[in-house]
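The chain contents come next:
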Amino acid sequence: MGVMLSASYNRIVHPDVTPEFNAASKFDPLYGFRDGREEKVMIATQEEMDSLKMPMKYRDYCAHKYIEFQRCRKANFPWVAACEHEKHEYHDCEYAEYIDRMKDYERERRLMERAKRIAKKAEAA
């Protein structure tokens, strides 16, 4: 609740420096990266996810880990505790993806603040 509350507060109080969650970045995605960024690659294919009838909420960059986890669960049922390793790998992937999204959001916010600062300085000069 705290994150949503602070995000809502920032959108109301500081709309000029608060990025939208679902909008594309307003800045060059490679700005500030000397050697470029590692591109995210979707390992699981759309056909594979469709054939497994994977729910939409799991179709992200960690879909391949989710597929491995579900296959292990099916192979070891009813002893699904044997799939702790696959479950842990899937959750680690989801956490890393969450951290990447939060870093991108924070980077966008800081670049918006920087652009506002530069515009204010240029206006004063």
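Just above sits the structure.
Cut-offs and rules
- In this convention, every chain numbers its residues from 1, walking through the sequence in written order.
- Where totals are concerned, whole chains, interfaces and linings use all residues; where local detail is concerned, this predicted model gives features only for residues with pLDDT of at least 70, and gives and counts side-chain atom pairs only at 80 or more.
- In computing side-chain properties, one takes all heavy atoms of the structure into account and sets aside hydrogens as well as water.
- A run of H or I in DSSP counts as a helix once it spans at least four residues, and a run of E counts as a strand once it spans at least two, with each numbered from the N terminus.
- Take the residue count of a helix, subtract one, and multiply by 1.5 Å to get its expected span.
- Burial classes follow relative accessibility: with a 1.4 Å probe on protein chains only, a residue under 20% of its type's maximum area counts as buried, one over 50% as exposed, and anything between as partly exposed.
- The contact definition used throughout considers only heavy atoms, calling two residues in contact when any of these lie within 4.5 Å.
- When two cysteine sulfur atoms lie within 2.5 Å, the pair is treated as a disulfide.

1. A closer look at helix 3 (residues 63–76)
Link 1 in the chain: Between its terminal C-alpha atoms helix 3 stretches 20 Å, which fits the 20 Å expected from 14 residues at 1.5 Å a residue.
Link 2 in the chain: What helix 3 keeps buried is the set Ala-63, His-64, Tyr-66, Ile-67, Phe-69 and Cys-72.

2. What about the environment of Pro-29?
Link 1 in the chain: Looking at the element boundaries, Pro-29 is found in the loop between helix 1 (2–13) and helix 2 (46–51).
Link 2 in the chain: Taking the C-alpha atoms as reference points, Pro-29 and Glu-108, separated by 79 residues in sequence, lie 9.3 Å from one another.
Link 3 in the chain: Excluding residues that lie within four positions of it along the chain, Pro-29 makes contacts with Arg-37 and Arg-107.

3. Describing unusual backbone geometry
In terms of backbone geometry, most residues other than glycine have negative phi values and most peptide bonds are trans.
Link 1 in the chain: The peptide bond linking Phe-77 to Pro-78 adopts the cis configuration, its omega dihedral lying at 10°.
Link 2 in the chain: In this structure, Pro-78 sits in the loop between helix 3 and helix 4 (84–124).
Link 3 in the chain: Positive phi is not limited to glycine here, since Lys-53 has a value of about 55°.
Link 4 in the chain: The topology assignment puts Lys-53 in the loop between helix 2 and helix 3.
Link 5 in the chain: Lys-53 sits in the exposed class, given a relative accessible area of 71%.

4. Topic: the state of the cysteines
Link 1 in the chain: Under the defined criterion, the tally for this structure stands at 2 disulfides.
Link 2 in the chain: With a sulfur-sulfur separation of 2.1 Å, Cys-62 is cross-linked through a disulfide to Cys-93. Measuring handedness by torsion sign, the sulfur bridge of Cys-62 and Cys-93 sits at about -90° and is left-handed. Taken together, the positions of Cys-62 in the loop between helix 2 and helix 3 and Cys-93 in helix 4 put the pair 31 residues apart, joining distant regions of the chain.
Link 3 in the chain: Cys-72 shares a disulfide with Cys-83; S-S distance 2.1 Å. Disulfide Cys-72-Cys-83: the torsion about the S-S bond is -95°, which places it as left-handed. Of this pair, Cys-72 sits in helix 3 while Cys-83 is found in the loop between helix 3 and helix 4, placing the two residues 11 residues apart along the sequence.

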